[in-house]
Amino acid sequence: MPEIRNVGDGSQDCCLVRVRAGRHEGWGECEASPLVSIAGLVAPMSHSACHPVRASVLGEELDGPDDIAAINALVRERSADMLQADHVLSGIDIALWDMLGRAKEEPVWSLLGWRRAEPKRPYASVLFGDSPQATAEKARAIRTMGFRAAKFGWGTFGKTTVSNDRNQVLAAREGLDKDGILLIDAGTVFGDDVEQASRRLGILKDTRTVFFEEPFVGGAFKAYAGLASEAAPVKLAGGEGCHDLAMARNMIDHAALGYIQIDTGRIGGITTAKQVVDYARQAHVSYINHTFTTHLALAASLAPFAGNERDDLCEYPVEASPLAEALTREKLVPEDGLLTLPNASGLGVTVNPDTVRRYLVQVEIKVGGKILYRPPAV
């Protein structure tokens, strides 16, 4: 976007990946800072565990899902010491699945082994308003839009007083009505302070909040487990910061979560997200997508659990930037309060090149006089 605001809105920029093989093309999106992700794609090799990501992708064979898994594993092996590699890989992996689906004229969810795409109940994902009144107005607008569920998060929640937080949650409940599904996202504001987080449990219980998302940072397993024992019937959600399977498994095994929430643009793409879906099912933990940006990211985030009938909640962005709103030609639109992935090739949405050209930022990365990166033609 022309102007970036210091708020919890990841839709203000977009790190896109385009992959081509012969006449086929696929698109993906990283949930990451674009410039450092581009550097991770092209940075010169430092040593055997620090290769540029593209060195493990370009020229590899792609005929089926197993080939995508092999590329995914190769990137993780050869770029193990480059932390940004997981984010870059995520966008590439998504693009590979999109391209494979288009080449085979099959939806990605079908390639993943699902027999059908089950309808999900989308929750409108928004930031808290600047005041309780603003939050109530947002909630009423969400209800008017036809959503039966909404998640409010970030803003000043957890940063001032318990009383202020109580007023915000009460406003969300009032605006959403008594029968709406209310979800609250603390945005890791409490670090690992169980005492401070537990002081908010009363209002969450009083308002019948279904889950309390990310009260703590991702690795604070002991804090999560400690709060979970006090929180019932409110469940804890977390995991959007996981960038590999091991991190997600640890959250599931040790954080006493009711919901594991995974972003395909961070976890390593659709390949790793599907592995988390399968692990969560065995552990009887509900899986939810994390998505706050584009409908390309939304489609990618829904594919891994599309056919899982038990996991019926999904995050749905309703406050995205003009960039995110205009990125794809198609939109995934709920009908009668439910959202279902289309029976279309690939991810089912296509990137609008006019939008890409409009917002494209010119970047040049040069090392030792050699240009390693310029934006490709769109």
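This structure is a prediction, so every number in the text was calculated from the model and none was measured.

Chemist: Explain the pattern of salt bridges here, please?
Modeler: As a working rule, side chains carrying opposite charge can pair if their charged atoms are close by. As enumerated under the stated definition, the model contains 19 salt bridges in all. In this structure, K151 and E315 form a salt bridge, with 2.9 Å as the shortest nitrogen-oxygen distance. Taken together, the positions of K151 in strand β4 (residues 149-153) and E315 in strand β10 (residues 313-317) put the pair 164 residues apart, joining distant regions of the chain. Both residues of the pair, K151 and E315, belong to the buried class. Members of the salt-bridge network, linked through shared partners, are K151, D185, E213 and E315.

Chemist: It is not clear to me how the side chain of K274 should be interpreted in this structure. Could you clarify?
Modeler: Within the secondary structure, K274 sits in helix α12 (residues 270-283). Judged by relative accessible area, which is 15%, K274 ranks as buried. Setting aside residues up to four positions removed in sequence, K274 forms contacts with L112, W114 and P304.

Chemist: Would you explain the sheet that holds β4 in this entry?
Modeler: Consider a sheet: its strands pair through backbone hydrogen bonds, and that pairing is either parallel or antiparallel. Ordered in space as β9-β8-β7-β6-β5-β4-β3-β10, the eight strands form an open sheet in which the pairing is parallel. With one partner strand each, in any of the chains shown, β9 (286-289) and β10 form the two edges of the open sheet. For this sheet, the mean angle separating the axes of adjacent strands, direction not counted, is 30 degrees. As judged from the three bridges shared by strand β6 (residues 211-213) and strand β7 (residues 235-238), these two strands associate in the parallel manner. By the bridge assignment for β7, F211 is matched with K235. Contacting β4 and β5 (181-185), helix α6 (residues 162-176) crosses the sheet at an angle of about 155 degrees to β5.

Chemist: Looking at this model, I keep getting lost on helix α1 (residues 34-42). Mind explaining?
Modeler: For α1, the complete set of buried residues consists of P34, S37, I38, G40 and V42. Looking at the buried positions of α1, the neighbouring elements they touch are β1 (15-21), α3 (85-104), β11 (365-367) and β12 (370-373).

Chemist: Is there a simple way to explain the side chain of K120 in this structure?
Modeler: Along the chain, the position of K120 falls in the loop between α4 (108-111) and β3 (121-127). The side chain of K120 is buried and forms no salt bridge, while D311, the nearest opposite charge, is found at 6.4 Å. Within the structure, K120 has its side chain in polar contact with the backbone oxygen of F305 (distance 2.9 Å). Among the polar contacts made by the side chain of K120, one reaches the main-chain carbonyl oxygen of N308 at a distance of 2.8 Å.

Chemist: Would you explain the pairing of β12 in this entry?
Modeler: Successive residues of a regular strand alternate their side chains across the two faces of the sheet. Across three bridges, β11 lies against β12 in antiparallel orientation. What sits directly across from K366, in β12, is I371. Remark: two residues form the turn of the hairpin made by β11 and β12, two consecutive strands paired antiparallel; G368 in that turn has positive phi of roughly 60 degrees.

Rules behind the numbers
- Residues numbered from 1 in each chain as written.
- Predicted model: local features only at pLDDT ≥ 70, side-chain atom pairs only at ≥ 80, totals over all residues.
- Heavy atoms only, no water.
- Salt bridge = Lys/Arg side-chain N within 4 Å of Asp/Glu carboxyl O.
- Helix = DSSP H or I, 4+ residues; strand = E, 2+ residues; numbered from the N terminus.
- Buried < 20%, exposed > 50% of the residue type's maximum accessible area, 1.4 Å probe, protein only.
- Contact = heavy atoms within 4.5 Å.
- Pairing = 2+ DSSP bridges.
- Axes fitted to C-alpha atoms, helices over the stretch in contact; angles between N-to-C directions.
- Lys, Arg positive; Asp, Glu negative; His and termini not counted.
- Polar contact = N/O pair within 3.5 Å; in protein donor to acceptor, adjacent residues only side chain to side chain.

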